[in-house]
Amino acid sequence: MKALRRLILIVCTCGIVQNCSQIKQTRTIKLAHGLDVNHSVHKAMVKMGEDLKEISGGKMQLEIYPSQQLGTERECIELLQIGSLDMTKVSVGVMENFAPLMKVFGLPYLFEDRAHSFKVLDGPIGEELLDEGIQYWIKGLAYYDAGSRSFYTKDKPVRTPDDLKGLKIRVMESVTAMDMVKSLGGSPTPISWGELYTSLQQGVVDGAENNPPSFYLSRHYEVCKYYALDEHTVLPDVLIIGTHIWNRLSDQEKAWLNQAVDASVAYQRALWAEAEKEALEEVQKAGVTVIRPDKSIFSKEVESVYSEYEKDEAIGDLIERIKNYN
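Everything numeric in this text was worked out from a predicted model, so none of it was measured. (Residues numbered from 1 in each chain as written. Predicted model: local features only at pLDDT ≥ 70, side-chain atom pairs only at ≥ 80, totals over all residues. Heavy atoms only, no water.)

*Asks:* What should I look at first to understand helix α7 (residues 175–183) in this one?
*Replies:* Each α-helix turn comprises 3.6 residues. Residues three or four places apart therefore point the same way. When α7 is considered as a whole, its buried residues turn out to be Thr 176, Ala 177, Met 180, Val 181 and Ser 183. Buried residues of α7, seen end-on, are gathered within an arc of 160° and therefore sit on one face of the element. Positioned one or two residues after α7, Gly 185 has a phi angle of 95°, which is positive. (Buried < 20%, exposed > 50% of the residue type's maximum accessible area, 1.4 Å probe, protein only. Helix = DSSP H or I, 4+ residues; strand = E, 2+ residues; numbered from the N terminus. Arc of directions from axis to C-beta.)

Following this line, the structure appears as structure tokens:
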């Protein structure tokens, strides 16, 4: 009987050790973001998690917290910096506060078109800027498409820069965005994304600027009935990971993660094109007047922004490289 009990104990102990070993072999990465679950970026992240689990044979998986469950974009970056969060997605407009050279993306009418922006982001310039935040414990992994940003307003249509004069326009916590709105005559007002709907309702701001899917999914079209497609900036979203976890990953784990990330980028960009078309159709059905102003009038007004930023040698060099990259 003693021998039997000893054998049972050995078998049970081995099982416990084996199970613990299996648990330790599964690395769970916590990812949070502020977007709705219907957004193309969230759907791409879900795919990334599925792919990562399959590619790694179950050794790596994502745990996703959408819709600002863990805080605003800035708060998620700060959680990532202290190691309480592993990955997040933020606009480069917010990221410029932690990776200064990324402010170049906030310059209006920097890219010739969407194809030009993808070439830059997917090429050596984009790769360099993904590492710009490493000194602040942030590593960029990839860029998601966030289209072009345009103005939407409550009571007054915007057809020329003169129509922005005196209007309080919500912007991200981005110096570049504030400079751009000022150059067009508006009054930039930084407000978090989660507070914007109420701020529009209550008249704290007269309008905002964002891409069509964000305008639609946020339901801001219920308050703002004018959408001017001036497409002043192309601000991609950037997927970032904390160096606290990145530096602990093995080369194999990094390869698995990068493979899943790359697949999610291609998937998201395809979804984005469809979402952009759907958003414009739906907001018009809801009574929004979509305006297509002369962009050249707007681009002339923002030349002063360039002259100021070109005083910074590093930014000036980036501007030159981006404009000449094809």
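*Asks:* Mind showing me how you'd approach the pattern of salt bridges here?
*Replies:* Pairing between side chains of opposite charge can happen when their charged atoms approach one another. As enumerated under the stated definition, the model contains 17 salt bridges in all. For Arg 74, the salt bridge identified is with Glu 173, shortest N-O distance 3.6 Å. Of this pair, Arg 74 sits in helix α3 (residues 73–81) while Glu 173 sits in the loop between β6 (168–171) and α7, and the two are 99 residues apart along the sequence. Assessed through its relative accessible area of 29%, Arg 74 is described here as partly exposed. (Salt bridge = Lys/Arg side-chain N within 4 Å of Asp/Glu carboxyl O.)

*Asks:* What is the right way to read a negative patch on the surface from this model?
*Replies:* A cluster of acidic side chains, namely Glu 310, Asp 312, Glu 313, Asp 317 and Glu 320, defines a negative patch on the protein surface. Position of Glu 320 among the secondary structure elements: in helix α14 (residues 313–323). (Patch = residues over 30% accessible without salt bridge, like charges linked within 9 Å, V, L, I, M, F, W, Y side chains within 5 Å. Areas by Shrake-Rupley, 256 points an atom, 1.4 Å probe, with all protein chains shown as cover. Lys, Arg positive; Asp, Glu negative; His and termini not counted. Charge placed at Lys NZ, Arg CZ, Asp CG, Glu CD.)

*Asks:* How do you make sense of the environment of Leu 184 when you look at a structure like this?
*Replies:* Examined against the element boundaries, Leu 184 turns out to sit in the loop between α7 and β7 (187–190). By relative accessible area, Leu 184 is classed as buried at 3%. Between the C-alpha atoms of Leu 184 and Lys 103, which are 81 residues apart in sequence, the distance is 18 Å. Other than its neighbours up to four places away in sequence, Leu 184 contacts Phe 151, Pro 161, Leu 164, Phe 298, Glu 301 and Val 302. (Contact = heavy atoms within 4.5 Å.)

*Asks:* Teacher, can you tell me more about the packing of aromatic side chains here?
*Replies:* Aromatic rings considered in pairs are described by the distance between their centres and by the relative angle of their planes. Counted by the stated rule, this structure contains seven aromatic pairs. Taken together, Tyr 152, Phe 215, Tyr 216, Tyr 221 and Tyr 227 form an aromatic cluster joined through their ring pairs. The residue whose ring lies beneath Arg 269 is Phe 118, and the NZ or CZ to ring-centre distance is 4.3 Å. (Phe/Tyr/Trp six-rings, centres within 6.5 Å; stacked < 30°, edge-to-face > 60°. Lys NZ or Arg CZ within 6 Å of the ring centre and 35° of its normal.)

*Asks:* Help me out: how do you make sense of the side chain of Glu 96 in this one?
*Replies:* As for its position among the elements, Glu 96 is in the loop between α4 (92–95) and α5 (114–122). For the buried Glu 96, which has no salt bridge, the nearest side chain bearing the opposite charge is Lys 103, at an N-O separation of 6.0 Å. A distance of 3.1 Å separates a polar atom in the side chain of Glu 96 from a polar atom in the side chain of Ser 174. From its side chain, Glu 96 meets the backbone nitrogen of Val 175 in a polar contact 3.1 Å long. (Polar contact = N/O pair within 3.5 Å; in protein donor to acceptor, adjacent residues only side chain to side chain.)

*Asks:* How should I be thinking about the sheet that holds strand β10 (residues 237–242) in this particular structure?
*Replies:* The strands making up a sheet are joined through hydrogen bonds of the backbone, oriented either antiparallel or parallel. Judged by pairing direction, the sheet is mixed, and its five strands sit side by side in the order β2-β1-β3-β10-β4 without closing on themselves. The sheet is open, and its two edges are formed by β2 (60–65) and β4 (138–144), each paired on a single side. Averaged over all pairs of adjacent strands, the angle between their axes in this sheet comes to 30°, without regard to strand direction. As paired elements, strand β1 (residues 27–32) and strand β3 (residues 87–91) share two bridges and run parallel to each other. Residue pairing in the sheet places Ala 32 in a bridge with Thr 88 of β3. (Pairing = 2+ DSSP bridges. Axes fitted to C-alpha atoms, helices over the stretch in contact; angles between N-to-C directions.)

*Asks:* I keep staring at the packing of helix α2 (residues 40–55) against helix α11 (residues 251–285) and nothing clicks. Help me out?
*Replies:* Each packed pair of helices is defined by two parameters, the angle between the axes and the distance between the axes. Their axes nearest at 8 Å, the elements α2 and α11 cross at an angle of 150°. Judged by the angle between their axes, α2 and α11 are roughly antiparallel. Here the hand of the crossing between α2 and α11 comes out right-handed. Contacts from Ser 40, Val 41, Lys 43, Ala 44, Lys 47, Met 48, Asp 51, Leu 52 and Ile 55 of α2 reach α11 at Trp 256, Leu 257, Gln 259, Ala 260, Val 261, Ala 263, Ser 264, Tyr 267, Gln 268, Leu 271 and Trp 272. Residue composition of the contact of α2 with α11, grouped by class: 13 nonpolar, four polar and three charged. (Parallel < 35°, antiparallel > 145°, perpendicular 65-115°, else oblique. Left-handed = near helix turned anticlockwise from the far one by under 90°. Nonpolar A, V, L, I, M, F, W, Y, C, P; charged D, E, K, R; others polar.)

*Asks:* Can you help me understand the layout of surface pockets in this one?
*Replies:* If you roll a probe as big as a water molecule over the atoms, it shows you where there is empty space left. Space inside the largest pocket adds up to approximately 380 Å³. Lining the largest pocket are 22 residues, and of these Glu 73, Val 94, Arg 170, Met 172 and Trp 193 sit closest to its centre. Among the elements of the structure, α3 and β3 are those that each provide at least two residues to the lining of the largest pocket. Considering only residue class, the lining of the largest pocket consists of six nonpolar, nine polar and seven charged. (1 Å grid on protein atoms, 1.4 Å probe; cavity = no way out; pocket = protein on both sides within 12 Å on 5 of 7 lines; lining within 4 Å. Points joined across faces, edges and corners; volume = space filled by probe spheres on them.)

*Asks:* Sorry, what's going on with α14 here?
*Replies:* Residues of α14 that are buried: Ile 315, Gly 316, Leu 318, Ile 319 and Ile 322. End-on, the buried residues of α14 take up no more than an arc of 160°, which puts them together on one face. Contact partners of the buried residues in α14: α5, α6 (124–130) and α13 (303–309). One side-chain oxygen of the residue at the start of α14 lies 3.0 Å from the amide nitrogen of Ala 314, identifying that residue as Asp 312.

*Asks:* How should I be thinking about the nonpolar core in this particular structure?
*Replies:* Across soluble globular proteins, you tend to see nonpolar side chains buried next to one another. One finds Met 95, Val 104, Phe 105, Tyr 143 and Val 238 to be the most contacted residues of the largest nonpolar core, which totals 47 residues. Looking at this core element by element, the count peaks at four residues for α14. Not counting chain neighbours up to four residues away, the residues in contact with Val 104 comprise Leu 110, Leu 129, Ile 315, Leu 318, Ile 319 and Ile 322. Grouped together as the second largest cluster of nonpolar side chains are 24 residues, Leu 52, Tyr 144, Trp 246 and Leu 249 included. (Core = buried A, V, L, I, M, F, W, Y, C linked by side-chain atoms within 4.5 Å.)

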